[in-house]
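Structural description and commentary
Listed here are the chains, written in short residue letters.
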Amino acid sequence: MDLKTGEEAGSVVTGEKSDFRVGGLGSKVKDVGSISNKDGFFRADMIDIKNIDIQLEKHLSRVWSRDREAQRAKEEWEIDLSKLDTRNVIAHGTYGTVYRGVYDEQDVAVKILDWGEDGMATAAETAALRASFRQEVAVWHKLDHPNVTKFVGASMGTSNLNIPSRNPSSDSQNSLPSRACCVVVEYLPGGTLKQFLIRNRRKKLVFKIVIQLALDLSRGLSYLHSKKIVHRDVKTENMLLDAHRNLKIADFGVARVEAQNPRDMTGETGTLGYMAPEVLDGKPYNRRCDVYSFGICLWEIYCCDMPYPDLSFAEVSSAVVRQNLRPEMPRCCPSSLASIMRKCWDANAEKRPDMDEVVRLLEAIDTSKGGGMIPEDQANGCFCFSTARGP
Ligand SMILES: Nc1ncnc2c1ncn2[C@@H]1O[C@H](COP(=O)(O)OP(=O)(O)OP(=O)(O)O)[C@@H](O)[C@H]1O
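Residues numbered from 1 in each chain as written. Predicted model: local features only at pLDDT ≥ 70, side-chain atom pairs only at ≥ 80, totals over all residues. Heavy atoms only, no water.

As recorded by an unreviewed UniProt entry, the protein carries the name non-specific serine/threonine protein kinase and is attributed to Tetracentron sinense. What the UniProt record of the protein gives under Subcellular location (unreviewed entry) is the line "Cytoplasm, Cytosol". (UniProt positions renumbered as here; feature names shortened; annotations may be inferred.)

Before going further, it helps to examine the nonpolar core. In terms of nonpolar packing, the biggest core is built from 75 residues, with Leu 337 and Leu 362 touching the most fellow members. For this core, the two domains that each supply at least three residues are domain 2 (81-186) and domain 3 (193-372). In contact with Leu 362, not counting residues within four places along its chain, are Ile 211, Ala 214, Leu 215, Ser 218, Phe 294, Leu 337 and Ile 340. Counting 13 residues, the second-largest nonpolar core is a separate cluster that includes Val 108, Val 110, Ile 112 and Cys 182. (Core = buried A, V, L, I, M, F, W, Y, C linked by side-chain atoms within 4.5 Å. Buried < 20%, exposed > 50% of the residue type's maximum accessible area, 1.4 Å probe, protein only. Domains from an automatic or database assignment. Contact = heavy atoms within 4.5 Å.)

Summed over the entire model, instances satisfying the criterion amount to one aromatic pair. Measuring from ring centre to ring centre gives 5.4 Å for Trp 140 and Phe 151, while their planes differ by 45°; the resulting arrangement is tilted. Taken together, the residues span a long stretch of sequence, with Trp 140 in helix H4 (residues 123-140) and Phe 151 in strand S4 (residues 151-155) at a distance of 11 residues. With respect to burial, Trp 140 and Phe 151 carry one shared label: buried. Across from the ring centre of Tyr 187, 4.0 Å away, lies the NZ or CZ of Arg 100, which sits over that ring. (Phe/Tyr/Trp six-rings, centres within 6.5 Å; stacked < 30°, edge-to-face > 60°. Helix = DSSP H or I, 4+ residues; strand = E, 2+ residues; numbered from the N terminus. Lys NZ or Arg CZ within 6 Å of the ring centre and 35° of its normal.)

Predicted coordinates in regions of low pLDDT should not be interpreted in detail. Per-residue pLDDT for the protein has a mean of 78; in total, 69% of the residues score no lower than 70. The model gives residues 1-36 a pLDDT under 50, and that stretch makes 56 contacts with residues more than four places away or in other chains. Counted against residues more than four places away or in other chains, residues 170-174, with its pLDDT under 50, gives nine contacts. The ipTM for the predicted assembly is 0.95, set against a pTM of 0.76. (pLDDT = per-residue confidence, 0-100.)

It is worth spelling out the site of the ligand at this point. Neighbouring the ligand are 14 residues; Thr 94, Lys 111, Glu 186, Leu 188 and Asp 251 lie closest to it. Within the backbone of Glu 186, a nitrogen or oxygen atom sits 2.9 Å from a nitrogen atom of the ligand. The contact in question runs from a nitrogen atom of the ligand to an N or O atom on the backbone of Leu 188, over 2.9 Å. With the chains in place, 78% of the 620 Å² that the ligand exposes on its own is no longer accessible. (Near = heavy atom within 4 Å. Polar contact = N/O pair within 3.5 Å; in protein donor to acceptor, adjacent residues only side chain to side chain. Areas by Shrake-Rupley, 256 points an atom, 1.4 Å probe, with all protein chains shown as cover.)

Moving on, we get to the packing of helix H10 (residues 335-344) against helix H11 (residues 355-363). Contact geometry of H10 with H11 gives a least axis separation of 10 Å together with a crossing angle of 170°. By the criterion of interaxial angle, the relationship of H10 to H11 is roughly antiparallel. Together, Leu 337, Ile 340, Lys 343 and Cys 344 of H10 and Val 358, Leu 361 and Leu 362 of H11 make up the contact between the two elements. (Axes fitted to C-alpha atoms, helices over the stretch in contact; angles between N-to-C directions. Parallel < 35°, antiparallel > 145°, perpendicular 65-115°, else oblique.)

Sheets are built from strands that pair by backbone hydrogen bonding, the pairs being arranged parallel or antiparallel. The five strands are arranged S1-S2-S3-S5-S4 in an open sheet whose pairing can be described as antiparallel. What marks the edges here is a single partner per strand, and that holds for strand S1 (84-92) and S4. The sheet shows a mean angle of 25° between the axes of neighbouring strands, taken without regard to direction. As paired elements, S4 and strand S5 (residues 181-186) share four bridges and run antiparallel to each other. (Pairing = 2+ DSSP bridges.)

This part is about the environment of Ala 349. Looking at the secondary structure, you find Ala 349 in the loop between H10 and H11. Between the C-alpha atom of Ala 349 and that of Cys 289, which follows or precedes it by 60 residues, the distance is 7.4 Å. Contacts of Ala 349, omitting those with residues within four sequence positions, involve Glu 278 and Arg 288.

Moving on to the environment of Glu 78. Its place among the elements puts Glu 78 in the loop between helix H3 (49-71) and S1. For Glu 78, a relative accessible area of 16% puts it in the buried group. Taking the C-alpha atoms as reference points, Glu 78 and Val 137, 59 residues apart in sequence, are found 9.4 Å from one another.

Between its first and last C-alpha, helix H6 (residues 207-226) extends 28 Å over 20 residues, near the 28 Å set by a 1.5 Å rise per residue. Counting buried positions over the 20 residues of H6 gives 16, a clear majority of the element. Count one or two residues on from H6 and you reach Lys 228, which has phi positive near 65°. (Expected span 1.5 Å × (residues − 1).)

With respect to the helices and strands, Thr 149 occurs in the loop between H4 and S4. Residues contacting Thr 149, with those up to four places away along its chain left out, are Trp 140, Val 185, Glu 186, Leu 188, Lys 248, Ile 249 and Ala 250.

To continue, consider helix H9 (residues 313-322). Buried within H9 we find Val 316, Ser 317, Ala 319 and Val 320. Trailing H9 by a residue or two, Asn 324 shows a phi angle of about 60°, which is positive.

The buried count for S5 comes to six of six residues, which makes it a mostly enclosed element. Pairing between strand S3 (residues 106-113) and S5: six bridges, direction antiparallel. Its bridge partner being in S5, Lys 111 is matched across the sheet by Val 183.

Put into structure tokens, the structure is as follows:
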């Protein structure tokens with residue numbers, strides 16, 4: 001190997017795109033200054049050739065994989081991360097961090113998914129996660145509905161992404177695995193539906209708002225189902241509100257395009273209190289598992305409360321499957337609404353209505369006169385009416 005100094009050596013070994021330099025290997029070349037002669041050549045006996053070869057091999061494989069990634073045809077949904085201005089951290093989710101940012105002058109939320117590439121997950125696991133991420137965003141980017149969080153774009157790497165560092169003197173890129181995936185969606189400033197319900201726990205919501213939120217959620221789900229997408233994790237934490245209290249379905253972490261063969265869709269996915277009995281029981285399921293979870297959300301929206309506050313995870317799952325446990329229906333709940341909840345959480349998935357039918361049933365509810373919000377027999381008490389309902 002004819003090793004030369006500085007720029008010359010760099011261009012010989014790596015080609016024009018590379019930033020590889022003999023000098024860059026630093027400690028591997030013993031005292032470069034003192035071993036080069038006046039013509040600029042190194043003394044071969046002073047150079048740790050074996051180490052340089054190893055470094056070179058590693059470097060070339062990095063460059064080639066970067067080139068392969070760059071040459072790969074860009075997907076429609078891939079965005080130019082250099083145009084993304086990422087700001088403060090909003091939240092830490094299970095698989096990564098959510099940042100607020102600006103893309104093309106639009107307020108966005110940026111979710112960086114770190115699947116433990118740098119240690120925890122095996123290469124095969126990471127490859128599988130990346131493949132399913134690719135499938136999910138390909139589906140999500142085609143969706144367009146006022147009750148589904150708008151997808152802006154995604155990226156299979158983070159090499160051009162600038163994340164503000166907590167320590168300004170350190171290189172912020174250092175903390176990001178370069179192959180972490182990132183998804184950019186519209187920013188929704190109203191927080192999660194869960195947070196909104198908790199804020200209204202004491203006063204409860206006026207009936208009009210209950211129905212508006214329920215309609216938003218049912219329309220969003222009906223749209224997803226029309227595209228053959230099963231969300232599989234419908235819960236109030238996964239619904240976000242915009243500045244005008246419009247509800248938008250978020251978090252497509254486990255959403256799936258519905259399998260042609262229902263037997264292909266099994267496995268415990270979702271969040272316990274919202275999971276349909278067939279999902280809890282490991283049986284095959286379909287879009288009707290979202291209808292069940294919607295029924296639980298509807299109860300939660302009406303009551304601004306938690307469905308099973310005193311039961312453990314194990315107790316809930318066994319009682320839902322074996323004893324047909326469901327949230328306690330408040331006496332004041334208008335029968336039109338209570339009947340929708342009961343239909344949606346029927347143990348028999350086939351008896352549950354389709355989401356478009358739920359939309360029709362909700363649209364038919366009259367909210368102009370308070371919708372029967374005054375309990376007929378208040379003296380006997382109703383747990384959701386300890387105070388007058390509404391703000
Ligand atoms: N588009 C958005 N606009 C505003 N805030 C958002 C947006 N998306 C997520 N967030 C905030 O970030 C939090 C975490 O979001 P994320 O989807 O990662 O949650 P998670 O439910 O923990 O994720 P996962 O279900 O994948 O574990 C949300 O609870 C919400 O507060």
